[in-house]
Amino acid sequence: QVQLVESGGALVQPGGSLRLSCAASLPGFSFFTMDWYRQAPGKQRELVAAVSSTHMPTYADSVKGRFTISRENAKNTVYLQMDSLKAEDTAVYYCHVRVRDSGYWGQGTQVTVSS
């Protein structure tokens, strides 16, 4: 069974930085596109960033230039480096991967940006 475990969420002040990690139990990890989603209160879940094995990472316009997605295949881990955080970045952040016809989600990690 595929398992994704996020970590790194915290309370941080506006302008601060945070790095989220997603540890994947996933055979063939390096071949899959890994995604970060987030869901803010009262909002639907949105794709924040994605990184594949072959293409350049992609980002939502709202985080472009501030967030960086990366992966360390030897550790089966994907990261989301978040800089210049804003209050509107407050959300539960989820790691996601699609394997064949199924999507798999982590449990989520809370990021709160507030003074």
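Check the entry above for the structure.
A few points on the structure. Given the structure is predicted, the values throughout are model-derived calculations rather than measurements.

### With respect to unusual backbone geometry
Part 1 of the reasoning: Look at Asn76: it is not a glycine, yet its phi comes out positive at around 50 degrees.
Part 2 of the reasoning: Within the secondary structure, Asn76 sits in the loop between strand S7 (67-72) and strand S8 (77-82).

### As for the environment of Trp105
Part 1 of the reasoning: Looking at where Trp105 falls in the secondary structure, it is placed in strand S10 (residues 102-105).
Part 2 of the reasoning: Through-space distance from the C-alpha of Trp105 to that of Thr33 is 13 Å; in sequence the pair is 72 residues apart.
Part 3 of the reasoning: With near-sequence residues (within four places) excluded, Trp105 lies in contact with Leu4, Tyr37, Arg45, Tyr94, Cys95 and His96.

### Digging into the nonpolar core
Part 1 of the reasoning: Grouped together as the largest cluster of nonpolar side chains are 30 residues, with contacts concentrated most on Leu26, Met34, Trp36, Leu80, Met82 and Tyr93.
Part 2 of the reasoning: The set of elements that each furnish at least two residues to this core consists of strand S3 (18-25), strand S4 (34-39), strand S5 (46-51), S7, S8, strand S9 (91-99) and strand S11 (109-113).
Part 3 of the reasoning: Per-element accounting of this core gives the leading share, 5 residues, to S9.
Part 4 of the reasoning: Among all residues touching Leu26, those that are not within four sequence positions of it are Val2, Phe32, Met34, Asn76, Val97 and Val99.

The rules behind each value
Residues numbered from 1 in each chain as written. Predicted model: local features only at pLDDT ≥ 70, side-chain atom pairs only at ≥ 80, totals over all residues. Heavy atoms only, no water. Helix = DSSP H or I, 4+ residues; strand = E, 2+ residues; numbered from the N terminus. Contact = heavy atoms within 4.5 Å. Core = buried A, V, L, I, M, F, W, Y, C linked by side-chain atoms within 4.5 Å. Buried < 20%, exposed > 50% of the residue type's maximum accessible area, 1.4 Å probe, protein only.

Geometric values such as these leave the question of function open.
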